[in-house]
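The lines below spell out each chain.
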There are 4 protein chains.
Amino acid sequence: MTDLAAVKAALKTQAVETPSWAYGNSGTRFKVFAQQGVPRTPQEKVADAAQVHAFTGVAPTVALHIPWDKVDDYAALAKYAEERGVKLGAINSNTFQDDDYKLGSICHPDAAVRRKAVDHLLECVDIMDATGSADLKLWFADGTNYPGQDDVRARQDRLAEGLSEVYARLGDGQRMLLEYKFFEPAFYTTDVPDWGTAYAHCLKLGEKAQVVVDTGHHAPGTNIEFIVATLLREGKLGGFDFNSRFYADDDLMVGAADPFQLFRIMYEVVRGAGFSSEVAFMLDQCHNIEAKIPAIIRSVMNVQEATAKALLVDRTALASAQVSGDVLGANAVLMDAYNTDVRPLLREVREEMGLDADPLAAYARSGWAQKIVAERVGGEQAGWGA
Amino acid sequence: MTDLAAVKAALKTQAVETPSWAYGNSGTRFKVFAQQGVPRTPQEKVADAAQVHAFTGVAPTVALHIPWDKVDDYAALAKYAEERGVKLGAINSNTFQDDDYKLGSICHPDAAVRRKAVDHLLECVDIMDATGSADLKLWFADGTNYPGQDDVRARQDRLAEGLSEVYARLGDGQRMLLEYKFFEPAFYTTDVPDWGTAYAHCLKLGEKAQVVVDTGHHAPGTNIEFIVATLLREGKLGGFDFNSRFYADDDLMVGAADPFQLFRIMYEVVRGAGFSSEVAFMLDQCHNIEAKIPAIIRSVMNVQEATAKALLVDRTALASAQVSGDVLGANAVLMDAYNTDVRPLLREVREEMGLDADPLAAYARSGWAQKIVAERVGGEQAGWGA
Amino acid sequence: MTDLAAVKAALKTQAVETPSWAYGNSGTRFKVFAQQGVPRTPQEKVADAAQVHAFTGVAPTVALHIPWDKVDDYAALAKYAEERGVKLGAINSNTFQDDDYKLGSICHPDAAVRRKAVDHLLECVDIMDATGSADLKLWFADGTNYPGQDDVRARQDRLAEGLSEVYARLGDGQRMLLEYKFFEPAFYTTDVPDWGTAYAHCLKLGEKAQVVVDTGHHAPGTNIEFIVATLLREGKLGGFDFNSRFYADDDLMVGAADPFQLFRIMYEVVRGAGFSSEVAFMLDQCHNIEAKIPAIIRSVMNVQEATAKALLVDRTALASAQVSGDVLGANAVLMDAYNTDVRPLLREVREEMGLDADPLAAYARSGWAQKIVAERVGGEQAGWGA
Amino acid sequence: MTDLAAVKAALKTQAVETPSWAYGNSGTRFKVFAQQGVPRTPQEKVADAAQVHAFTGVAPTVALHIPWDKVDDYAALAKYAEERGVKLGAINSNTFQDDDYKLGSICHPDAAVRRKAVDHLLECVDIMDATGSADLKLWFADGTNYPGQDDVRARQDRLAEGLSEVYARLGDGQRMLLEYKFFEPAFYTTDVPDWGTAYAHCLKLGEKAQVVVDTGHHAPGTNIEFIVATLLREGKLGGFDFNSRFYADDDLMVGAADPFQLFRIMYEVVRGAGFSSEVAFMLDQCHNIEAKIPAIIRSVMNVQEATAKALLVDRTALASAQVSGDVLGANAVLMDAYNTDVRPLLREVREEMGLDADPLAAYARSGWAQKIVAERVGGEQAGWGA
């Protein structure tokens, strides 16, 4: 038997961080289709993120990307956010868009480029101090396109050296979250291609270094929930970058491609950490062709639905079937939770939180979409370059 | 026993078409790293392509991409090319960069967008008439990102209708080459995801419609040479878009990721069509971080090496081992050819053609690289957008 | 709005064929774990299949595998089946377990082996005449393990020749269903690796030849519902071999690995064929570690649940959102149906059919499991070899 | 410039261990095709392995598999081997073929089964003491087929506990080599699916525990040489199980599917460890349809050819090009070595070692194949079950 009140309570405390860049334009190497009403400034991104929180109640923070979200006064930006009901979240570094980074950043063969990259990361920690952000999220586009292009092992040495310097700069209560990625934009090797590599570096760095699992950054067929369970067991799961994929790193809305997988992942989180944990839930998606704010609201709801199902798993019955070797019975306990329609439950949760039961309809009625199209005229729309 | 003179003769007649867009800037969704000396006009692209032919002797044509290579006077462009020793090759359409094409082009739910796309394709045939190009190469970015987004089957009906209109416009000696692609930029479905779909459409269209195999457009593990053999058996292999991949559609230099696979593909071509055939060899690559002209020269050489090895297969011995069920013996015959170092043979071929034995060294000595860096100052560098 | 009565009516007419071999022992190359109570004869397999139908009401036929299910008197076996409430279904050929087939069967380089294989297929048609089966299901283990081992293209010629002879033998109302498989047991090529190859052969054979989609026989990332939609559009979808996979051809219970994918597949069937069609729903699974009859009941229920959800899609709303280019709206219509808990509806359907609402519980109570363990002592348990 | 004498010297010291089970029958879940002359006893397997060493000169040890190679007197078996010119190598455990292991062995939910599995592993160390083997190679078939079947994380706890007990039993000079496998025979999770998991366990166990890289045990697209470089950097690469794959764990002859990949792997070994290292080169293959001893000779030669090419890489030129960011130049240095035909060099090496330059031809002439077919009549052929 599941305790529905406890499930509801847990769902009310869930927090999903949305990324500032998801509010801007994005696309593929073939084309970026601009959308009307897209933010032109970090402030406008924060304002959109506040809308997502206003209607879902569980998206209280917004992640920044440096330099895309550089401002002169981070305290003012933080205050701007708080006035709108949200806070600034993780600081995401960017060492892939400067011309110097063509052959890498922190792993580059040239020490001068590495210096520049590390300085950028140190600056990100400065920004964390200013914004009060707890997490530095590191993803490196570093890698090689052709066998022989660079020394794979030497690049690991450079990576370790650079990370070490940045780690030493972290203050109390600050973490370094290291992301891995199977491929892209490097096509032969990336320098942090899998959780094992990220884990090995974090282990040496120390307790403040943890691994980020981006759900789109794995080889075909990879059992992501196994990685989640393993990292939790090792005390090294820092958080998630949620999105979904059919093929490569498609960056579609989380839960859109394989909702059953998302449920299995959330089950391992519930089983391994509960919600009192330090595992950060963050979105990292692109909305190339769909309306951005509704897509992000939908994504937050998808995470909620997967979480609700995970919380509904009858763990006593499950453990009993597992221990007795009842393969079909144990699977059935899990599937019973998955097959439950949790949308009525989540509508109740929202109403109890003083929210509209249907966030998408409420957002549509709010007029925000029309307002930003009308007001955000002129200027340069935010995108991956700015 | 292989007839070396015949092998050499075949190698001298090989023709690899290079794509105008490979001379311009390219990149990933994360960043396009500009290079110095990159062409700013279709003429400059043609001039670079002429260099590749001058040093390899087997790259006599250059493919155009419309609208990237739009000019007012195609006859003048053709004359410009011929003065430099090359000819204009296939015309490649582009129905993915206009804002109208966000949800598709020829498969779009809106008839007006489909009309626009078909009109573009018809215009491409007009251009073929002007340039004397024989091949219309069609690749569609059409597809959907989310289940339910559009009606998968209705899109096939629209595709068939559009292709049919364009097919009817083809003149004598003109072909429609239909390319398939597993994914990207669409992430849930593409509308021509595999050779079967392309084949089914070409079959209904008629003899002038054939399938193009882009070596980077397959699911992991796909046996491409099987597809090549099958399409040749069906009389439906129109040609290749060569490049190589480790993961998705990486568009690395052909032969860079799996030279053994390239050899096996070329063996099926040699076995199934010989060189008197109508199978077009085209490159379709990106040179994001490496020097472009040398990368294209190298790619042409990679195709030559794979071809030379394929021609060296002792087909009598192979057939004998195959018929007798000698698994290891048959495999060994193939591997003997593959393991042969054909570079000395190709140096001889080049010298007999009046070329330098080492195209890359000769190009480096030529001063062309320095010349274009010095001369191509100002203006807008060519890229995927222009 | 969906017409619930029509949905229920459709669900009551659904028919899922279960395979005789799923009731026997199976395993991996590493180990076959025998289970107690497993059938020792075709009759006992049929008796088990009758149990599945008795409790689900939608599994009225059982597929045979020749020679595993060879009997002296097929009419008697058919009568035996009918007495237990089921009928004999498709006849499945086996040209992979005789020592002669080491290098292939119908594609073997030796004409004598090909003759033997074709004779076996002709015998299968004889058996169809005797059993009244309408479908000959052909899967070939043919292929090669090493490049060069055999001539890939010549094997296609042999395949075409063999199929042609068998096709000519088909009577009125009999179909040839040709299955494709990406790999295994052949590891370099299979001779029918993809739907395109199966389609091309069926097209030439004629109207009685159609393609079977085994849901486990695709490359990673393949969009199976696209293939389903395309084959339906071409009039060439003969049916399904249902099972599910995480990695290769895992042959797990259908719906166990990716229930959302199964739903999308069933939606394309509903959209493209309805239930009045000739698309056969067959299971083709292994139950290596779980209890077999309950696993098959569960699988039938999984197909029903996916079908119910597919039938619940509000197609009017979907078409409307699709035509208007509302990406999120169209996706939401599909997801609404998927997220519905259809188990209460199916319980009603079963009760209206005079069945227990919970087939698994009813089977467990029936005592059949205990009965077969007690009675089926001695003899040789059925497996893949017999 | 490469020092050819040093290359030759290195090649002469290379040692490739062959596995006893590769000399016996093997197959797929569909069929095991028996071959004539296959060994019936561990002694006969050792005798065959001695043939491979006699003709290649670089296969001085043979790995045993317990219980398949159980004998009463291991000292006698070791003496038998030495009389034939080879030694006994690694001891491979087997915890997947007993009926008790249906749901796992060392990770099984039932403590009694875990005890049995650990006892088997301890027995394997006893055997190591008797044979003088230095390496205990552990591969676990443990895993689950269905989500929920067992607690993924608890299985890791059980794994750690079991490994720990076995590790404590290791004597001086003995190692535990832990193998990982992406999937099969478990289809939802394996309990050691990737190098990261194996690494994390080995790290905690201590210095005697190292990771084995089986080249067939990775997800599609995985860059294996990166893993090799990383494990070497961490001091945790214990050795290789060589074989090759196109799809899943095909277990084809090493070098047969992607010789370029094998070269890249060997290059990282040469670059990271040299040949004075403790990295064990072992074959782990199946010869389902090809003659076994010649296939193993061929495989050893394939490893030699890849090694020779790796040794020929001009590392000074490579480092120079890498440091200067010359992408094409660095790649060219690597490709120059790969494109070299090293067969003449290896013929010289063999002649200098007093061997026939052509091992396969010499073996064919030796009459051993005919001899074993004539003599090994009756008894039970060795296979995966015995």
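Residues numbered from 1 in each chain as written. Chains lettered and ligands numbered in written order. Predicted model: local features only at pLDDT ≥ 70, side-chain atom pairs only at ≥ 80, totals over all residues. Heavy atoms only, no water.

A. Inspection of the interface of chain B and chain D at higher detail. Counting residues at the interface gives 31 residues for chain B, matched by 31 residues for chain D. For the pairing of chain B and chain D, the buried interface totals around 2,300 Å² over both sides, and the portion due to carbon and sulfur atoms is 54%. One can count two salt bridges joining chain B with chain D. The shortest N-O distance in the salt bridge between B:Arg343 and D:Asp336 comes to 2.9 Å. Linking chain B to chain D there are three residue pairs in polar contact (both at pLDDT 80 or more). Looking at the side of chain B that touches chain D, the elements with two or more residues in it are helix 8 (259–272), helix 9 (292–312) and helix 11 (327–339) of chain B. It is helix 11 of chain B that provides the largest number of residues to the side of chain B that touches chain D, a total of eight residues. (Contact = heavy atoms within 4.5 Å. Buried area = accessible area lost by both parts, 1.4 Å probe. Salt bridge = Lys/Arg side-chain N within 4 Å of Asp/Glu carboxyl O. Polar contact = N/O pair within 3.5 Å; in protein donor to acceptor, adjacent residues only side chain to side chain. Helix = DSSP H or I, 4+ residues; strand = E, 2+ residues; numbered from the N terminus.)

B. Main features of the sheet that holds strand 1 (residues 16–19) of chain D. Residues and elements named next belong to chain D. If you walk around this closed barrel you meet the eight strands as 1-2-3-4-6-8-9-10, and the pairing is parallel. The mean angle between the axes of side-by-side strands here comes to 30 degrees, regardless of whether they run parallel or antiparallel. Inspection of the sheet shows strand 2 (residues 61–65) paired to strand 3 (residues 87–92) by four bridges, in the parallel sense. By the bridge assignment for strand 3, valine 62 is matched with leucine 88. Relative to the sheet, helix 8 (residues 259–272) contacts strand 9 (237–242) and strand 10 (280–283), its axis offset from that of strand 9 by approximately 160 degrees. (Pairing = 2+ DSSP bridges. Axes fitted to C-alpha atoms, helices over the stretch in contact; angles between N-to-C directions.)

C. Here's a closer look at the UniProt feature "domain: Xylose isomerase-like TIM barrel" (unreviewed entry) in chain A. Per the UniProt record, "domain: Xylose isomerase-like TIM barrel" (unreviewed entry) is found at residues 50–247 of chain A. In residues 50–247 of chain A, helix accounts for 39% and strand for 18%; the two terminal C-alpha atoms are 32 Å from one another. (UniProt positions renumbered as here; feature names shortened; annotations may be inferred.)

D. Fine view of the packing of helix 2 (residues 42–56) of chain D against helix 9 (residues 292–312) of chain D. Residue and element names in this part refer to chain D. Contact pair helix 2 / helix 9: the axes reach a minimum separation of 10 Å and the direction vectors enclose 45 degrees. What the angle tells us is that helix 2 and helix 9 run oblique. Between helix 2 and helix 9 lies a crossing whose hand is right-handed. Contacts between helix 2 and helix 9 involve Asp48, Val52 and Thr56 from the first element and Ile293, Ile296, Ile297, Val300 and Gln304 from the second. Grouping the constituent residues of the contact of helix 2 with helix 9 by class yields five nonpolar, two polar and one charged. (Parallel < 35°, antiparallel > 145°, perpendicular 65-115°, else oblique. Left-handed = near helix turned anticlockwise from the far one by under 90°. Nonpolar A, V, L, I, M, F, W, Y, C, P; charged D, E, K, R; others polar.)

E. Main features of the interface of chain D and chain A. Listed per partner, the contact involves 53 residues of chain D and 53 residues of chain A. With both chains or domains summed, chain D and chain A bury close to 4,400 Å², and 58% of this area falls on carbon and sulfur atoms. If you sort the residues of chain D by the area they bury against chain A, D:Arg153, D:Phe226 and D:Arg233 come out on top, with a joint share of 18%. Applying the counting rule to chain D against chain A returns six salt bridges.

F. Structural context of the side chain of B:Thr131. Checked against the element boundaries, B:Thr131 lands in helix 4 (residues 111–131). Beyond its immediate stretch of four places on either side in the chain, B:Thr131 contacts B:Leu64, B:Tyr74, B:Leu88 and B:Ile91.

G. Here's a closer look at the relation of the copies chain D and chain A. Superposing chain D onto chain A requires a rotation of 180 degrees together with a translation of 0.0 Å along the rotation axis, leaving an RMSD of 0.0 Å. Considering both components of the superposition, the chain copies are consistent with a two-fold axis. Across chain D, the smallest distance between a C-alpha and the rotation axis is recorded for D:Gly196, namely 2.0 Å. Looking at chain D, 100% of its interface residues are interface residues in chain A too, so the copies touch through the same face. (Least-squares fit on C-alpha atoms with pLDDT ≥ 70 in both.)

H. Representation of the sheet that holds strand 9 (residues 237–242) of chain C within the structure. Residues and elements named next belong to chain C. Strand order around the closed barrel formed by eight strands is 1-2-3-4-6-8-9-10, with parallel pairing between neighbours. The sheet shows a mean angle of 30 degrees between the axes of neighbouring strands, taken without regard to direction. In terms of strand pairing, strand 1 (residues 16–19) meets strand 2 (residues 61–65) through two bridges, oriented parallel. Note on strand 2: the bridge partner recorded for proline 19 is alanine 63.

I. Looking closely at unusual backbone geometry. A cis amide bond links A:Ile66 to the next residue, A:Pro67, at an omega of 20 degrees. In this structure, A:Pro67 sits in the loop between strand 2 (61–65) and helix 3 (74–83).

J. The arrangement of the packing of aromatic side chains in detail. Counted under the stated rule, the structure contains 82 aromatic pairs over all chains. Plain terms: the ring middles of B:Phe260 and B:Tyr338 are 4.9 Å apart, the flat faces sit at 50 degrees to each other, and that makes the pair tilted. Of the two residues, B:Phe260 sits in helix 8 while B:Tyr338 sits in helix 11, which places them 78 residues apart along the sequence. For B:Phe260, a relative accessible area of 0% puts it in the buried group. The exposure class of B:Tyr338 is buried, given its relative accessible area of 3%. Through pairs of rings, three or more aromatic residues link up here, namely A:Phe182, A:Phe183, A:Phe187, A:Tyr188, B:Phe246 and B:Tyr247. (Phe/Tyr/Trp six-rings, centres within 6.5 Å; stacked < 30°, edge-to-face > 60°. Buried < 20%, exposed > 50% of the residue type's maximum accessible area, 1.4 Å probe, protein only.)

K. Layout of the nonpolar core. Counting 425 residues, the largest nonpolar core has A:Phe240, B:Phe240, C:Phe240 and D:Phe240 as its most contacted members. For C:Phe240, the contacting residues outside a window of four places in its chain are C:Val212, C:Val213, C:Thr215, C:Val228, C:Ile265, C:Val269, C:Val279, C:Ala280, C:Phe281 and C:Met282. Of all hydrophobic cores here, the second largest spans 72 residues; its members include A:Tyr188, B:Phe187, C:Ala248 and D:Phe183. (Core = buried A, V, L, I, M, F, W, Y, C linked by side-chain atoms within 4.5 Å.)

L. Geometry of the relation of the copies chain B and chain D. Least-squares fitting of chain B to chain D yields an RMSD of 0.0 Å, with the transformation described by 0.0 Å of translation along the axis and a rotation of 180 degrees. Of the residues that chain B buries at the interface, 100% are likewise interface residues in chain D, meaning the two copies contact each other through the same surface.

M. Just the state of the cysteines, in detail. Residues and elements named next belong to chain C. What the rule picks out here adds up to zero disulfides over all chains. Cysteine 124 carries a free sulfur, and the closest cysteine sulfur to it, the one in cysteine 107, is 16 Å from it. Accessibility expressed as a relative area gives 0% for cysteine 124, which makes it buried. (Disulfide = S-S within 2.5 Å.)

N. The arrangement of the side chain of B:Asn331 in detail. In this fold, B:Asn331 is placed in helix 11. With residues near it in sequence (within four places) discarded, B:Asn331 still touches C:Tyr146, C:Pro147, C:Gly148 and D:Met253.

O. Quick peek at helix 10 (residues 315–323) of chain C. Residues and elements named next belong to chain C. Every buried residue belonging to helix 10 is among Leu318, Ala321 and Gln322, and all of these are buried. Within helix 10, the buried residues cover an arc of 100 degrees as seen down the axis, which keeps them to one side. Of the residues in helix 10, the exposed ones pointing more than 90 degrees away from the buried face are Thr316 and Val323. Where helix 10 is buried, its residues touch helix 8 (259–272) and helix 11 (327–339). Downstream of helix 10 by a residue or two, glycine 325 has a phi angle that is positive, lying close to 70 degrees. (Arc of directions from axis to C-beta.)

P. The arrangement of the packing of helix 2 of chain D against helix 13 (residues 359–366) of chain D in detail. All names here are of chain D. Relative to each other, helix 2 and helix 13 sit at 125 degrees, their axes nearing to 9 Å. Judged on the interaxial angle alone, helix 13 and helix 2 are oblique. In the packing of helix 2 onto helix 13, the handedness of the crossing is right-handed. On helix 13, the residues touching Gln51, Phe55 and Thr56 of helix 2 are Pro359, Ala362, Tyr363 and Ser366.

Q. Main features of the pattern of salt bridges. A complete count under the given rule lists 148 salt bridges over all chains for this structure. For A:Asp356, the salt bridge goes to A:Arg365, with nearest N and O atoms at 2.7 Å. Relative accessible area serves as the criterion here: at 31%, A:Asp356 is assigned to the partly exposed category. Looking at A:Arg365, the relative accessible area reads 57%, which means it is exposed. Notably, a salt bridge pairs D:Glu184 with C:Arg29, separated by 2.9 Å at the nearest N-O pair. Taken together, the residues D:Glu184 in the loop between strand 6 (175–179) and strand 7 (189–190) and C:Arg29 in the loop between strand 1 and helix 2 (42–56) connect one chain to another. Comparing D:Glu184 with C:Arg29 shows no difference in burial state: the two are buried.

R. Quick look at the pairing of strand 1 (residues 16–19) of chain B. Residues and elements named next belong to chain B. Side chains of strand 1 alternate between two faces, with Val16 and Thr18 and Glu17 and Pro19 buried alike. Sheet topology places strand 1 next to strand 10 (residues 280–283); two bridges connect them, and they run parallel. Bridge pairing links valine 16 to phenylalanine 281 in strand 10. For the handedness criterion, the β-α-β arrangement of strand 1, helix 2 (residues 42–56) and strand 2 (residues 61–65) is classed as right-handed. (Right-handed = clockwise from strand over helix to strand, strands pointing away.)

S. Representation of the pairing of strand 4 (residues 135–138) of chain B in the model. Residue and element names in this part refer to chain B. Burial along strand 4 is two-sided: Asp135 and Lys137 and Leu136 and Leu138, pointing in opposite directions, are all buried. Relative to strand 4, strand 3 (residues 87–92) runs parallel, the two being bridged by two bridges. Within strand 4, the position partnered with asparagine 92 by the bridge is lysine 137. In the classification by handedness, the crossover that spans strand 3, the intervening helix 4 and the parallel strand 4 is right-handed. The pairing of strand 4 with strand 6 (residues 175–179) spans four bridges and is classified as parallel. Each residue of the ladder has a partner; that of lysine 137, found in strand 6, is leucine 177.

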